[in-house]
Each structure stands twice: as structure tokens, then as C-alpha cells.
Amino acid sequence: MDPPHRRETRPFPELPPEITIQIFEATARDSRQGARAISLVCSWARSIALPYLFATIVHRSKPSFSTTLSSGERRSQLPSRPSGPLRWGHLVRNLWTESTGVSASAVDEDLFRACPNLENLALMSSSLRAVSQAIRERQAASRGLEDRTTSSTAPGQPFLRGLKSVTLITHTFRYDWHFLVGTQLQDGSQVLHNITHLRILDMKISAFCPHNLLPNLTHLAVPYLDLGNNFEQDVLRLPAGVLEHPSLQMIVLTVAEEAWLTNPWYQIARYPGKDTTSPKETFRTLVQWARQRDDRVHVVLSPRQHVQPWQEWADGARGGVSLWEAAAEARARDAHGEGLPPSFPKARAR
């Protein structure tokens, strides 16, 4: 009986070290799977892959206690604290953290202290206080106090100095931000003055937008329907003072594709003289209507159907098309509503 067929393995070709390094870097940069594979080759290859492997992290924890505690069901075994090694936190540039439960604040503090070089941060509004605490602890450490928990920053890079983009996963209130107002970093700059990009994913409960606290804000994204917009009123509702912000260059109104197709409030059947039989044409009407109010206003389908907000965020952070790029590209190509079905689902009539 013939022996089972075995996959033939070939040794890696002998190449100059500089070419091998370039190949490994290109592979690690191309995908997380590639970075993971390169990190398993050897220790020096791992050092090449780690910055790409840990550049973008999504942490979505579950409560450390059962949400059905009163029912007598057994305690949840899902950990609330991040299970990954925090010693690689200095490599993280993009972080989505969505912590829930009684230990959420402690989880966020651990993460922020471990990730001093963040540039793009998505968090719940209740976690803004943890950001402030992490900054204050770093300041205390820099004044000579013993710092046992935080990782070292890159040379010449003050703690969180690179933070430019913030995504709020939940609605926010003015109170959430007062912890950060006036908070200075080690180089003397104010953390809120460094923010240039802000997206708020949910404004159903509170329509507060902290744009007046961000003097250098250039890009703002808010959910269209949460602001109470109604075509019958023929008025574009935005947070008060947004259009008067001196540095704002782009305002993106996001529309969840799933809601656009199934929620009648997103449709403009009562808007006279307009085609409301096609999701695409209806959406294009909305885009034109919004742009007439202000040329800086863009309308984008986001998140797309069957895509979770964190997945869309992570894709953009890992080199895909960002929300801002999608808005600019749709206008440049006149591609608004691309991918929408030819007709509304039958459920629309319910």
C-alpha cells in the first residue's frame, strides 16, 4: 500500500537579508493573516510583524457577571478584562474599546495606560473619564512618581499626543466631556485641541455634540435621522453651531442602510414631486437636498447592510476606505446610493 501523500515543502530561497525583510514587511502590511504568519517564523521576523499585527485592536468585552443573575442562572465565564498581553500596547495606533459591566472603567483604564501612542480611538462616552485619568497618571509619573502600570512611549512622543480621531459608540452629554476640558499633555498641548475628526454613532437619547470643545475639528459625522430631520419641514437639523464652526471642512450625515430600506422615517414619500419607488433615487434626492443647505454636508450609507459599526471602523483603520474617504469619493464619482437594491422591501408597506 502506497504511503499517504504528503505535501511537499520547499525551503525558503536564499535571498539577501534586505530583500527578505522587504518581503516580510509587505506580507505583514497586506493583511492580519500575513502578519500573524510572519510573526511565527522566528524572533527577528516577529519583530517585523508585531507593529502591523497590533496596530489596530478591537476590544468588545462582556460583563464579568451574568445579566440574568436574579434568575439563578450560573455566572457568566466570559472575561471582562482584555485577555491579550498589554505589553504590546505601545504598538497600538487604532483602538475600539466597548467595555460593559461593573469593571468597565478599570478595563478602559488598563487599555489607555497600555496604549500611549493612539491616533484613532473609538469608545463609549462613559469611558472619556478613563482617558482623563490615564493622562493625569502619566503626568504624575513624569513628575517623578513611580509608574508601575504604563508602557513607555516612543522617544519624543508625549503620551496620547498623536490622538487625532475619536468615534463615540454611544450618545454623549456635556457632563461626559468636562473631565477632559483643559487637560494638558506633557508637551503642553490640550488633548481636546488635538482632535480633528469626530464621529458620533448614536444620538437617539442625546443630541449633544462637543464640537464647541474641539477648536481644531475639521471632520464631523453624525447620524442623520437621530437629529430629528424631516423633509416636510425642509430644514436640515444639525447640532447647534456646527455650521458656524470656523475650522470644520466636512460634515457627514450617516444613514444606516438597513434602516434606510426598512424604516419609513428614512424615506421621503411625503416629499412632493420626487421619486420614492427606488431606494437609490430616494437616497440621491436626500444627498442633493442636504448639499443645497451647505456644500460641506455629505450623506453616506453607513454602516452598510449586514456590517457592524465596529467592523466598518476596523476595516478603515486597517487601510480600507474610511468614512471620510467614502464621502469624498461618492461626491467625486457621483456614486451616491451605489449598491442599493432597485426597489424597497415589501415590509416597507407595513
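Before any of the text, the structure's been laid out above.
Residues numbered from 1 in each chain as written. Predicted model: local features only at pLDDT ≥ 70, side-chain atom pairs only at ≥ 80, totals over all residues. Heavy atoms only, no water.

Caption draft 1: The arrangement of the overall build of the protein chain in detail. Each helix and strand in the protein chain was counted, giving 10 helices and 8 strands. By sequence separation, contacts in the protein chain at least 24 residues apart represent 68% of the contacts at least 6 residues apart. A total of about 19,000 Å² of accessible surface is found on the protein chain, and carbon and sulfur atoms cover 52% of it. (Helix = DSSP H or I, 4+ residues; strand = E, 2+ residues; numbered from the N terminus. Contact = heavy atoms within 4.5 Å. Areas by Shrake-Rupley, 256 points an atom, 1.4 Å probe, with all protein chains shown as cover.)

Caption draft 2: Looking closely at unusual backbone geometry. Following Ser302, the chain continues to Pro303 via a peptide bond in cis, the omega torsion being -5°. Topologically, Pro303 is positioned in the loop between strand 8 (297-301) and helix 9 (309-317). Positive phi outside glycine occurs at His306, with the angle close to 65°. In this fold, His306 is placed in the loop between strand 8 and helix 9.

Caption draft 3: Just the pattern of salt bridges, in detail. By the definition in use, this model includes 15 salt bridges. With a shortest N-O distance of 3.6 Å, Glu109 and Arg113 are connected by a salt bridge. Taken as a pair, Glu109 and Arg113 lie in helix 4 (residues 104-114) at a separation of 4 residues, close to a single helical turn. The buried category is assigned to Glu109, whose relative accessible area is 17%. (Salt bridge = Lys/Arg side-chain N within 4 Å of Asp/Glu carboxyl O. Buried < 20%, exposed > 50% of the residue type's maximum accessible area, 1.4 Å probe, protein only.)

Caption draft 4: Layout of helix 2 (residues 32-39). Of the positions making up helix 2, those classed as buried are Gly34, Ala35, Ile38 and Ser39. The buried residues of helix 2 occupy one face: seen down the axis, they fall within an arc of 135°. (Arc of directions from axis to C-beta.)

Caption draft 5: Region of the structure containing a nonpolar patch on the surface. Residues Leu15, Ile19 and Ile23 make up a contiguous nonpolar surface patch of roughly 210 Å² in combined accessible area. Tracing the backbone shows Ile23 in helix 1 (residues 17-30). (Patch = residues over 30% accessible without salt bridge, like charges linked within 9 Å, V, L, I, M, F, W, Y side chains within 5 Å.)

Caption draft 6: Fine view of the nonpolar core. Residues Phe112, Leu118, Leu198, Leu253, Trp260 and Phe283 are the most contacted members of the largest nonpolar core, which totals 58 residues. Those residues in contact with Leu253 that lie beyond four places of it in its chain are Val222, Tyr224, Leu236, Leu238, Ala290, Val297, His298, Val299 and Val300. (Core = buried A, V, L, I, M, F, W, Y, C linked by side-chain atoms within 4.5 Å.)

Caption draft 7: Structural context of the packing of aromatic side chains. One pass over the full model with this rule turns up 4 aromatic pairs. Where Trp260 meets Phe283, the ring centres are 5.4 Å apart and the plane angle is 85°; that geometry is what we call edge-to-face. In this pair, Trp260 is assigned in helix 7 (residues 257-262) and Phe283 in helix 8 (residues 279-293), connecting sequence segments 23 residues apart. In this pair, the class of Trp260 matches that of Phe283, namely buried. (Phe/Tyr/Trp six-rings, centres within 6.5 Å; stacked < 30°, edge-to-face > 60°.)

Purely geometric stuff here, so don't read any function into it on its own.
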